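# Understanding the architecture of this molecule
Read off the chains here:
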Amino acid sequence: MKPILIHGGRLLDPAAGVDAAKDLLLKDGRVAEIASPGKLKAPADAEVFDASGLVVAPGLVDIHVHLREPGQAHKETIASGTAAAAAGGFTSLAAMANTSPVNDSPEITRWMQAPERGAQVRVFPIVAATRGFKGEVINDYAALKAAGAVAVSDDGLPILKDGVMREALAAAARVGLAVIQHAEDTRMTEGCSMNAGPVAFKLGLRGMPSEAESQIVERDIRLVAELNELRPHYHVAHISTAAAMAAVRQARRNGLRVSCEVAPHHFLLTDEHVAEYNTHAKMCPPLRSAKDRDAMIEAILDGVVDCIATDHAPHAAHEKEVEFERAPNGITGLETSLGLCLEWLHHQWKMPLGRVIGLMSAQPAALLNLKGRGTLAVGSFADCVIFDPNAEWVFKAAESKSKSRNTPFDGWTMRGKVRWTISEGRVAYKN
Amino acid sequence: MAMPASSTARPRLRTPSAPQPPFPHHPGSAISIGHFSLAEITRLLRRAHLLNNEDPIERSKRLAKRRVALLFYEASTRTRTSFELAAKSLGMDTTLVSNLSSSIEKGESLKDTGLTLRALGAEAIILRHNASGAPYVLEQFTDLPVLNAGDGRHEHPSQALLDLLTMLAHLSPAHASGEAALTAESLKGVTVSIVGDILHSRVARSNLLLLPQLGAEVVLSGPPELLPEDAALIAPNVGVERNFELALQRSQVVMLLRIQSERLAGLNVDLDEYKTRYQLDERRLARLAPEAIVLHPGPIIRGLELTAAVADGPQSKILEQVHNGVRIRMALIERAFAALDAQGKGANQ
Ligand SMILES: [Zn+2]
């Protein structure tokens, strides 16, 4: 692997508190040197990247993706999903466990990280919180962590039983892992395919009430408070309702270790985007009311939200080309997240660029304790995205690197064009 | 107590706007009543009137040997027969594909079934389906005109049109025949109450999207389990009145909906209490709405949502609705094929 010299760019590394013109030398998969412009000498065999006018930032981190392997390679593979990630500027992905079979063993956890998978960027497995996703018996978190697990979650399904959730929080706390909850009280959402409200009524679809999310979050926060001596880390996946967000705000004021992520679709879209049964606007949790969407924006701008996560959930075309109620939940997101965050959070809503990048790199890396990720400090992994923060472009789903095309953002104008994505010193994407 | 400083409130931020209608559709399709302009509805009423009065032999030449498929995933004697008679009156070849005769391939997707019907020569498809929104799937993948004969809880546009025709025949005959153009005031001053299981009713949804466009006031009445407050938010001039007698008192038209007792049981609604509060009996009708007409999309259950005396009484126009259905569906089928022919001409140019 050749060394890489990146010169002429604006280094933006929120974790290190750097926002300045700097050159970088990447060597042996690590950040070797950082210096003022023109001060670094490139080794003879180095590749030299001219980053003039571009931002050089830590490779992005997405702690919520579904890579579909093992078992559903027709939707996505680790190779195709990570290629899409690289195109979107991501260098670290935390992959959910709702594969087939469910990832609840050290064997599958290791299988996912094996070089044979052909990953273009680093994949960190999240393992099932309970055996077989049944919500009854918790797994052996110590053994799974030793195999590479970075968190536990039954994502796709909630951990419903109070006793099991309490046990999971305690056991995960003992080994230093977060419990990530898919907060959905499935007793309230049976047969539902979108958010409850006038739009669902008009379309004749059963709606999921926002309480189905907020009541689980509130219950979980009570458990975290009860177990506070163990300092359990509770993380709410894809939070989508104003009520759940209010509960998270309060929990943090109370000093609990509670975090949350918001997906771009939940801070940009509402249930009105379902329009005439667009199955590419169907996911779980569903697109919510404008009031909920506004609460997501406010919480992001206020700093209550810890990170942006895509919930990248690919599905084959034929699976989505069906009656709305029969279509599977989920949309792809890896190639649109940065473009949407830059366009809306930064350009439209004036969030400083460093904060946007922090929400997509340093903060998610810190949440899952991914050492040496989410920063470009000397010695950290040479995970890097180089992008033009102002360039406008139009996302075309047909050109996606993912195996699937199920996105509501086809044809949307994005901001921030990725030029290079470098994963551990290797160019994973170039444009 | 000091109020929180208003300066902390953020100015309203611009957010991406949701896709706005009109969405692209086959010009011959009839999926949602919301897709029809008043001019189009006027034209449909005029064509329905003329076709109904036309010599049957002449009429049967209009679409002689053209092919329409009836794709029925749900049982429906009334709607299916009505569409079938309408098509046959225009001289068409009809094919019925239904899950009851198991002619729908088990496990085949709606998309593939539609493509198969198109390959077999169907030029348009009349679809009854238990999933809300199914006609959009069929239209999108076949590019054929799709006539919605009822989809899930969503809509039943031909029913709303025949309901409108029936109302106009009694309230404003010049509009009923399509002679006078419909306007936003054609039903001004008219209150229509829709009573019963609004939640599960596609007929209710189509009617409450249509009637306010003509200036009518729509009053919904029923218990909360069957009538969520959200119902009043989907169109202007729609209100909820839980007290059926108060709703009845204001109404020139009373539209009753079928009550399925097993559904009530599932929602913990007491059947006897329902009847006490919402059943239309002759005493209520005579006392509170002696001039009103009574409509029902059928099938009716005598002794539940209405008494036999009301169903058979002079104010009941239920059979007139059934009768009007055939001409409305003739007009809808004719519209679909006119659109197809216009497309064909365009393609040949
Ligand atoms: Zn989830």
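Small disclaimer: the values here were computed from a predicted structure and weren't measured.

Turning next to the overall build of chain A. A count of helical and extended segments in chain A gives 13 helices and 18 strands. Over its C-alpha atoms chain A spans a radius of gyration of 21 Å, differing by no more than 12% from the 22 Å that the globule rule assigns to 431 residues. Dimensions of chain A, computed from C-alpha atoms along their principal axes, come out at roughly 65 × 45 × 40 Å. Burial statistics for chain A: of 431 residues in total, 64% are counted as buried. Here the analysis covers contacts within chain A between residues at least 6 apart in sequence; of these, 74% occur between residues at least 24 apart. When the accessible surface of chain A is split by element, carbon and sulfur atoms take 49% of a total near 14,700 Å².

So, on to the coordination of the zinc ion. All names here are of chain A. Within the first shell, the zinc ion binds the protein through Asp 155 (OD), His 182 (ND1) and His 238 (NE2), at distances of 2.0 to 2.3 Å. Expressed as a motif, the donor residue spacing for the zinc ion is D-x26-H-x55-H. Here the residue Asp 155 occupies a position in the loop between strand S9 (151–153) and helix H4 (162–175), and His 182 occupies one in the loop between strand S10 (178–181) and strand S11 (194–195), the gap between them amounting to 27 residues. Across the pair, His 182 and Asp 155 agree in class, each one buried.

Moving on: the sheet that holds strand S1 (residues 67–72) of chain B. Residue and element names in this part refer to chain B. One open sheet holds the four strands; their spatial order is S2-S1-S3-S4, and the pairing between them is parallel. Of all strands in the sheet, those with a lone pairing partner are strand S2 (93–98) and strand S4 (146–151), marking the two edges. Adjacent strand axes in the sheet meet at a mean angle of 15°, parallel and antiparallel pairs treated alike. Summarising the sheet, S1 and S2 pair through six bridges and their orientation is parallel. Residue pairing across strands places Ala 69 opposite Thr 95, the latter belonging to S2. Packed on one face of the sheet, helix H5 (residues 134–142) meets S1, strand S3 (124–129) and S4 and runs near 160° to S4.

Right, let's get into the sheet that holds strand S14 (residues 258–262) of chain A. All names here are of chain A. What the five strands build is an open sheet, ordered S9-S10-S13-S14-S15; its pairing is parallel. In this open sheet, the two strands that pair with only one neighbour each are S9 and strand S15 (307–308). Running at roughly 170° to strand S13 (residues 233–236), helix H6 (residues 211–226) makes contact with S10, S13 and S14 of the sheet.

On to a negative patch on the surface. Together, Glu 225, Asp 270, Asp 272 and Glu 273 of chain B make up a negatively charged patch on the protein surface. Of note, Glu 225 of chain B is situated in the loop between strand S6 (217–221) and strand S7 (238–240).

Once that is clear, we can look at the interface of chain B and chain A. Contacts between the two partners involve 33 residues from chain B and, on the opposite side, 28 residues from chain A. Around 2,800 Å² of area is buried between chain B and chain A when both sides are counted, 60% of it from carbon and sulfur atoms. Of all residues in chain B, the largest losses of buried area upon contact with chain A belong to Arg 10, Arg 14 and Pro 16 of chain B, amounting jointly to 21% of the total for that side. Inspection of the chain B/chain A interface yields two salt bridges. Salt-bridge contacts for Lys 111 of chain B lead to Glu 321 of chain A; the nearest nitrogen and oxygen are separated by 2.7 Å. Put simply, chain B and chain A have twelve residue pairs in polar contact (both at pLDDT 80 or more) between them. Of all the secondary structure elements, the ones that give two or more residues to the side of chain B that touches chain A are helix H4 (110–119), H5 and helix H8 (202–210) of chain B. The element that contributes the greatest number of residues to the side of chain B that touches chain A is H5 of chain B, accounting for four residues. Its residues assigned to classes, the side of chain B that touches chain A comprises 18 nonpolar, eight polar and seven charged.

So, on to the packing of aromatic side chains. Under the definition given, this model contains nine aromatic pairs over all chains. A centroid spacing of 6.1 Å and a plane angle of 65° characterise the contact between Phe 267 of chain A and Trp 349 of chain A, whose relative ring orientation is edge-to-face. One end of the pair, Phe 267 of chain A, is in helix H8 (residues 264–268); the other, Trp 349 of chain A, is in the loop between helix H11 (337–348) and helix H12 (353–360), and 82 residues separate them in sequence. Across the pair, exposure class does not vary: Phe 267 of chain A and Trp 349 of chain A are buried alike. Ring plane angle 35° and centroid distance 5.1 Å describe the contact between Tyr 274 of chain B and Tyr 278 of chain B, whose orientation is recorded as tilted. Separated by four residues within a single helix, Tyr 274 of chain B and Tyr 278 of chain B lie in helix H11 (residues 271–278), roughly one turn from each other. There is no split in this pair, since Tyr 274 of chain B and Tyr 278 of chain B are both buried.

Let's shift gears to the pattern of salt bridges. Residues and elements named next belong to chain A. Throughout the structure, instances matching the rule amount to 36 salt bridges over all chains. Residue Asp 388 pairs with Arg 419 through a salt bridge whose shortest N-O separation is 4.0 Å. Here the residue Asp 388 occupies a position in strand S16 (residues 384–394), and Arg 419 occupies one in strand S17 (residues 413–423), the gap between them amounting to 31 residues. Asp 388 sits in the buried class, given a relative accessible area of 17%. Connected through shared salt-bridge partners, Arg 122, Arg 373, Asp 383 and Glu 424 make up one network.

What follows deals with helix H1 (residues 78–87) of chain A. Residue and element names in this part refer to chain A. Counting buried positions over the ten residues of H1 gives nine, a clear majority of the element. Within the sequence span of H1, burial applies to Ile 78, Ser 80, Gly 81, Thr 82, Ala 83, Ala 84, Ala 85, Ala 86 and Ala 87. Packing partners of the buried residues in H1 comprise strand S7 (90–95), helix H2 (106–113), strand S8 (122–125), S17 and strand S18 (426–430). Positive backbone phi, approximately 90°, marks Gly 89, located one or two places after H1.

Let's shift gears to the domain arrangement of chain B. All names here are of chain B. According to the domain assignment, chain B contains domain 1 (33–155 + 323–348) and domain 2 (157–318). The C-alpha-based centres of domain 1 and domain 2 are spaced at 26 Å. In this complex, domain 1 contributes 27 residues to the contact, which on the side of domain 2 involves 31 residues. A buried area of about 2,500 Å², summed over both sides, lies between domain 1 and domain 2, and 63% of it is on carbon and sulfur atoms. Contact with domain 2 buries surface across domain 1, with Ile 33, Leu 38 and Arg 153 losing the most and accounting together for 28% of the total.

So, on to the packing of H4 of chain A against H6 of chain A. Residue and element names in this part refer to chain A. Interaxial distance between H4 and H6 falls to 10 Å at its minimum, and their mutual angle equals 50°. Considered as vectors, H4 and H6 are oriented oblique to each other. Once H4 is placed against H6, the crossing between them reads as right-handed. In contact with Asp 162, Met 165, Arg 166 and Leu 169 of H4, H6 contributes Arg 219, Asp 220, Leu 223, Val 224 and Glu 226. Across the contact of H4 with H6, the residue classes tally to four nonpolar, no polar and five charged.

Often the size quoted for an interface is simply the accessible area lost on bringing the parts together. Residue and element names in this part refer to chain A. Examined at the domain level, chain A breaks down into domain 1 (4–56 + 381–393 + 413–430) and domain 2 (59–367). Each partner contributes residues to the interface: domain 1 has 24 residues there, and domain 2 has 26 residues. Between domain 1 and domain 2 the total buried area reaches about 1,900 Å² when both faces are included, carbon and sulfur atoms providing 63% of it. In this structure, the connection of domain 1 to domain 2 is made through two salt bridges.

Quick notes on the rules
- Residues numbered from 1 in each chain as written.
- Chains lettered and ligands numbered in written order.
- Predicted model: local features only at pLDDT ≥ 70, side-chain atom pairs only at ≥ 80, totals over all residues.
- Heavy atoms only, no water.
- Helix = DSSP H or I, 4+ residues; strand = E, 2+ residues; numbered from the N terminus.
- Rg over C-alpha atoms; globule rule 2.2 N^0.38 Å.
- Buried < 20%, exposed > 50% of the residue type's maximum accessible area, 1.4 Å probe, protein only.
- Contact = heavy atoms within 4.5 Å.
- Areas by Shrake-Rupley, 256 points an atom, 1.4 Å probe, with all protein chains shown as cover.
- Donors = N, O, S within 2.8 Å, 3.2 Å for Na, K, Ca; no water.
- Pairing = 2+ DSSP bridges.
- Axes fitted to C-alpha atoms, helices over the stretch in contact; angles between N-to-C directions.
- Patch = residues over 30% accessible without salt bridge, like charges linked within 9 Å, V, L, I, M, F, W, Y side chains within 5 Å.
- Salt bridge = Lys/Arg side-chain N within 4 Å of Asp/Glu carboxyl O.
- Lys, Arg positive; Asp, Glu negative; His and termini not counted.
- Charge placed at Lys NZ, Arg CZ, Asp CG, Glu CD.
- Buried area = accessible area lost by both parts, 1.4 Å probe.
- Polar contact = N/O pair within 3.5 Å; in protein donor to acceptor, adjacent residues only side chain to side chain.
- Nonpolar A, V, L, I, M, F, W, Y, C, P; charged D, E, K, R; others polar.
- Phe/Tyr/Trp six-rings, centres within 6.5 Å; stacked < 30°, edge-to-face > 60°.
- Domains from an automatic or database assignment.
- Parallel < 35°, antiparallel > 145°, perpendicular 65-115°, else oblique.
- Left-handed = near helix turned anticlockwise from the far one by under 90°.

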